[in-house]
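Listed here are the chains, written in short residue letters.
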Amino acid sequence: MKAYKHILVPTDGTSLSLKAAKQAASLAKDLKAKVTAVYVIPPWTPPMTDEGSAIATLAFTEAQYRKDMEARASKALDKVAVAAAGSKVECDTLSIGGAQPWEGILKAARAKKCDLIVMASHGRGALRSLVLGSETTKVLSHSRTPVLVCR
Amino acid sequence: MPLDAAAGGPLFRHILFPTDGSDISQRAARSAVMLARSLGARLTALHVIPPYTPPLPDLSGGYTYVMTETEYERAVRAEADQMLGAVTDSAAEAGVPCQALSVVSGSPWDAIIRTARERGCDAIVMGSHGRKGVSGLLLGSETTKVLTHCDIPVLVTR
């Protein structure tokens, strides 16, 4: 069995995910592996009324959503790139749109042929102290690639 | 807490590898040994033995073979030695220092976390599922509980 050579580091911009990214960078340095950082932009869902019809006048359009999300993605991915550079680890960055985080993460792992995923136990959700984060759980449930869950 | 990259040491120095002897555990053993070897870390292999359950009275009146506590202990210890022996053998082949222990507990996840804490382990490598296999759950029940309650990193493999 070969050592891990290409680590996928999902980030959602939270400090927990940056903490996991730093551990990923440290591990990559120890293993002489490279890193790909990924930010997944969930699909735009327009707000709906009770009857199910989309609200006609939106203060916030899909285009604005994308623009805002891409800016957040850049910011989050840059932080991972800085952590990788700090450990002298090769790092490339990727943002994936139109998928739920867990799907985008697994898609990125397959596309980049990563052999390990390193991610935080929790993301943006509120139930941090009680359970494992929902996207982390879904990645764990569906991934064929090993997942290192950091906290 | 895991070491900061700036501190200079490898991220993990002492990895805990719990096993239940299942196929997934056996594959996970290879990952644990490989990771330990790549990091120059040591391993502690752990098997959690379920406690002896005294047999319930048989109301049907038929003959049932009942294992005594002594027989049970002998059987489970032999099983533990075998599965842990396989791990220590692979570790030895890879030049990885490895201790093995088995612990009796009705709560594998709790025994795993306790052992990690008592032994000063800084990471856990374990299979996504155990003996019950992958068909029932998206993620094995003990693995899920370890993940929920653990405060060190856990590497989950298939």
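Described in the following lines is the structure provided in the data block.

## Re the nonpolar core
Counting residues in hydrophobic clusters, the biggest one holds 52 residues, and the most contacted among them are Ile7 and Leu27 of chain A together with Phe12, Leu35 and Leu43 of chain B. Sort the elements by how many residues they give to this core and helix H1 (residues 23-39) of chain B lands first, with eight residues. Leave out the neighbours within four places in its chain, and Leu43 of chain B touches His14, Ile15, Phe17, Ala32, Val33, Ala36, Ala91, Val96, Pro97, Cys98 and Gln99 of chain B. Counting 37 residues, the second largest nonpolar core, distinct from the first, contains Val40, Ala109 and Ile117 of chain A together with Ile124 of chain B.

## A word on the environment of Ala111 of chain B
All names here are of chain B. Positionally, Ala111 belongs in helix H3 (residues 108-119). Classification of Ala111 as buried rests on a relative accessible area of 4%. Ala111 sits 93 residues away from Pro18 along the chain, and the two C-alpha atoms are 9.6 Å apart. When near neighbours in sequence (up to four residues on either side) are disregarded, Ala111 contacts Leu46, Val48, Val103 and Ser105.

## Some thoughts on the interface of chain B and chain A
Facing 27 residues of chain B, the contacting portion of chain A comprises 27 residues. Summed over both sides, the interface of chain B with chain A buries roughly 2300 Å², with 63% coming from carbon and sulfur. Ranking the residues of chain B by area buried against chain A places Leu11, Met34 and Arg158 of chain B at the top, with a combined share of 24%. Connecting chain B to chain A are zero salt bridges. Seen at the junction of chain B and chain A, the total is eight residue pairs in polar contact (both at pLDDT 80 or more). Of all the secondary-structure elements, those providing two or more residues to the side of chain B that touches chain A are H1, helix H4 (141-149) and strand E5 (154-157) of chain B. With seven residues, H1 of chain B is the single largest residue contributor to the side of chain B that touches chain A. Looking at side-chain class alone, the side of chain B that touches chain A contains 18 nonpolar, five polar and four charged residues.

## Quick word on the pairing of strand E2 (residues 34-41) of chain A
Residue and element names in this part refer to chain A. The buried count for E2 comes to seven of eight residues, which makes it a mostly enclosed element. Both strand E1 (residues 6-10) and E2 contribute to a ladder of five bridges, which runs parallel. In the strand pairing of E2, Pro10 is matched with Val38. With respect to chirality, the unit in which E1 leads through helix H1 (residues 15-31) into the neighbouring parallel E2 is right-handed.

## Some details on the packing of H1 of chain A against helix H2 (residues 62-86) of chain A
Residue and element names in this part refer to chain A. Contact geometry for H1 and H2: axes closest at 9 Å, N-to-C directions at 30 degrees. By the criterion of interaxial angle, the relationship of H1 to H2 is roughly parallel. The interaxial crossing formed by H1 with H2 has right-handed handedness. Of the residues in H2, those touching H1 at Leu18, Ala21, Lys22 and Ala25 are Lys79, Val80, Ala83 and Ala84. Classifying every residue of the contact of H1 with H2 by side-chain character gives six nonpolar, no polar and two charged.

## Some thoughts on the sheet that holds strand E2 (residues 42-49) of chain B
Two modes of strand pairing occur in sheets, parallel and antiparallel, and in both the strands are linked by backbone hydrogen bonds. With mixed pairing, the ten strands of this open sheet are ordered in space as E3(A)-E2(A)-E1(A)-E4(A)-E5(A)-E5(B)-E4(B)-E1(B)-E2(B)-E3(B). Either end of the sheet is taken by a strand with one partner, and the two such strands are strand E3 (91-97) of chain A together with strand E3 (98-104) of chain B. Averaged over neighbouring strand pairs, the angle between their axes works out to 25 degrees when direction is ignored. Pairing geometry for strand E4 (residues 123-127) of chain B and E5 of chain B, over four bridges, is parallel. Bridging across to E5 of chain B, Met126 of chain B finds its partner in Val156 of chain B. Against the sheet, H2 of chain A engages E1, E2 and E3 of chain A, with an angle of about 160 degrees to E2 of chain A.

Criteria and cut-off values
Residues numbered from 1 in each chain as written. Chains lettered and ligands numbered in written order. Predicted model: local features only at pLDDT ≥ 70, side-chain atom pairs only at ≥ 80, totals over all residues. Heavy atoms only, no water. Core = buried A, V, L, I, M, F, W, Y, C linked by side-chain atoms within 4.5 Å. Buried < 20%, exposed > 50% of the residue type's maximum accessible area, 1.4 Å probe, protein only. Helix = DSSP H or I, 4+ residues; strand = E, 2+ residues; numbered from the N terminus. Contact = heavy atoms within 4.5 Å. Buried area = accessible area lost by both parts, 1.4 Å probe. Salt bridge = Lys/Arg side-chain N within 4 Å of Asp/Glu carboxyl O. Polar contact = N/O pair within 3.5 Å; in protein donor to acceptor, adjacent residues only side chain to side chain. Nonpolar A, V, L, I, M, F, W, Y, C, P; charged D, E, K, R; others polar. Pairing = 2+ DSSP bridges. Right-handed = clockwise from strand over helix to strand, strands pointing away. Axes fitted to C-alpha atoms, helices over the stretch in contact; angles between N-to-C directions. Parallel < 35°, antiparallel > 145°, perpendicular 65-115°, else oblique. Left-handed = near helix turned anticlockwise from the far one by under 90°.

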